[in-house]
Amino acid sequence: NADLAMYEAKMNGRNAVYFFDPDINARHQRRHLLEEGLREAIAGAQLFLQYQPRFDICAKQVLAAEALVRWNHPKQGVISPGEFIPIAEESELIVEIGRFVLNEACCEAAALYRDGYEILISVNLSPRQLRDRDLLRDIHDALSRYDLPPRLLEFEITETYVMENIEQFIPILTQIRELGVRLAVDDFGTGYSSLMYLKKLPVNTVKIDHSFIHDVPGDVDDENLVRAIISMSHNLRLRVVAEGVETAEQLQFLRELHCDEIQGFLLGRPGSTDQLRRLSRPSLIAP
Ligand code: C2E
Ligand code: MG
Ligand code: MG
Ligand code: MG
């Protein structure tokens, strides 16, 4: 097959690059398809949110959930954000997607609140959104449109880009906090994390990246890192969430270190708000 591809490459002259590596060719085609389709996805209601529970270790119940966007493509089926968000981030489309996610998440959080569930919903923010002039107004509008108490909304920002340009982002982050909503640093530990940065940022929460959780307990280096992140964050009066918790051993380890919350497949995969309602009934959470 590779020989055939090589042969075709030679025969096709300047189209050679398309035949040289069939894998790259397939990837290019899919990327092109997604780029083209994304605009329609926003207009045509193909995007939807799933909610992954965050388990409060002290309260022993679900008090928060992360909103995660999915794309139900008419031909390709459900596509994960890991694939299409980076594409959207290269264009203005991420701003529109972000606005959809914000509104949808506030709408669902408000519905839960009306039914008596105090569940904080966290929403991922892209760097491009933080630079958008309308962001603050959009957040304010979404909160008032759905009559959502701001304390039930949190934004997750990934550390890499914010830390690199920290001075530039502090004003907007401070303004967001002044609306009464919360801020979390997502994927903590993967980028330019530094305590000084954490101290400077107006954030409430640190989410430890799943790559540090994967091999604990057992990997002594990772154990020490997780322990250090938790204790340093607590010294700065920040709340700590561990991501990607898949085993009871990980939960026990994190409980001993006084981690505040866990998120991961052990407790629940991303799902509907009905799943959140079921999980949030205190009677269903083991003591
Ligand atoms: P993230 O914000 O770090 O979200 C956590 C990801 O880890 C989710 O993948 C979630 O399904 C996955 N995960 C949760 N628990 C476990 C576990 O126990 N084990 C493993 N292996 N994975 C787990 P997902 O939903 O595919 O999202 C991937 C990334 O896409 C997110 O990472 C976030 O950076 C981005 N993303 C998702 N929704 C949005 C959005 O609305 N806006 C923006 N800007 N980015 C989004
Ligand atoms: Mg996140
Ligand atoms: Mg994360
Ligand atoms: Mg991530």
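About the cut-offs
- Residues numbered from 1 in each chain as written.
- Chains lettered and ligands numbered in written order.
- Predicted model: local features only at pLDDT ≥ 70, side-chain atom pairs only at ≥ 80, totals over all residues.
- Heavy atoms only, no water.
- Near = heavy atom within 4 Å.
- Polar contact = N/O pair within 3.5 Å; in protein donor to acceptor, adjacent residues only side chain to side chain.
- Areas by Shrake-Rupley, 256 points an atom, 1.4 Å probe, with all protein chains shown as cover.
- Helix = DSSP H or I, 4+ residues; strand = E, 2+ residues; numbered from the N terminus.
- Nonpolar A, V, L, I, M, F, W, Y, C, P; charged D, E, K, R; others polar.
- Buried < 20%, exposed > 50% of the residue type's maximum accessible area, 1.4 Å probe, protein only.
- Pairing = 2+ DSSP bridges.
- Donors = N, O, S within 2.8 Å, 3.2 Å for Na, K, Ca; no water.

If you check an unreviewed UniProt entry, the protein chain appears there as PAS domain S-box-containing protein/diguanylate cyclase (GGDEF)-like protein from Marinobacterium zhoushanense.

## A look at the site of ligand 1
Inspection of the region around ligand 1 gives 20 residues, with Glu66, Arg70, Asp186, Glu246 and Phe265 positioned closest. Interatomic distance of 3.0 Å between a side-chain N/O atom of Gln52 and a nitrogen atom of ligand 1. Between ligand 1 and Asp186, the relevant distance is 2.9 Å, taken from an oxygen atom to a side-chain nitrogen or oxygen of the residue. Notes on ligand 1: free accessible area 800 Å², of which the protein chains cover 79%. Here the shell around ligand 1 takes four residues from strand 2 (residues 61-73), the largest share from any one element. Here the residues of the shell around ligand 1 sort into eight nonpolar, five polar and seven charged.

## Observations regarding the pairing of strand 7 (residues 205-208)
Taking every second residue as pointing to the same face, both faces of strand 7 are buried, with Thr205 and Lys207 on one and Val206 and Ile208 on the other. As paired elements, strand 7 and strand 8 (residues 239-242) share four bridges and run parallel to each other. Its bridge partner lying in strand 8, Thr205 is registered against Arg239.

## Some thoughts on the coordination of the magnesium ion (ligand 3)
Only Asp186 (OD), Asp187 (OD), Glu243 (OE) and Glu243 (OE) from the protein reach the magnesium ion (ligand 3) as donors, at distances of 2.1 to 2.5 Å. Summarised as a motif, the one-chain spacing of the donors to the magnesium ion (ligand 3) is D-D-x55-E. Between the magnesium ion (ligand 3) and the magnesium ion (ligand 2), the interatomic distance is 4.1 Å, and Asp186 donates to each metal, bridging them. In this pair, Asp187 sits in strand 6 (residues 182-188) while Glu243 sits in the loop between strand 8 and helix 13 (248-256), placing the two residues 56 residues apart along the sequence.

## What to know about the pairing of strand 2
Burial within strand 2 is extensive, with 11 of its 13 residues counted as buried. Of the pairings in the sheet, the one linking strand 1 (residues 47-56) to strand 2 comprises 10 bridges and is antiparallel in character. From the neighbouring strand, Pro53 faces strand 2, where its bridge partner is Ala65. Here strand 1 folds back onto strand 2 in antiparallel fashion, the turn holding four residues, of which Lys60 has a positive phi close to 55°.

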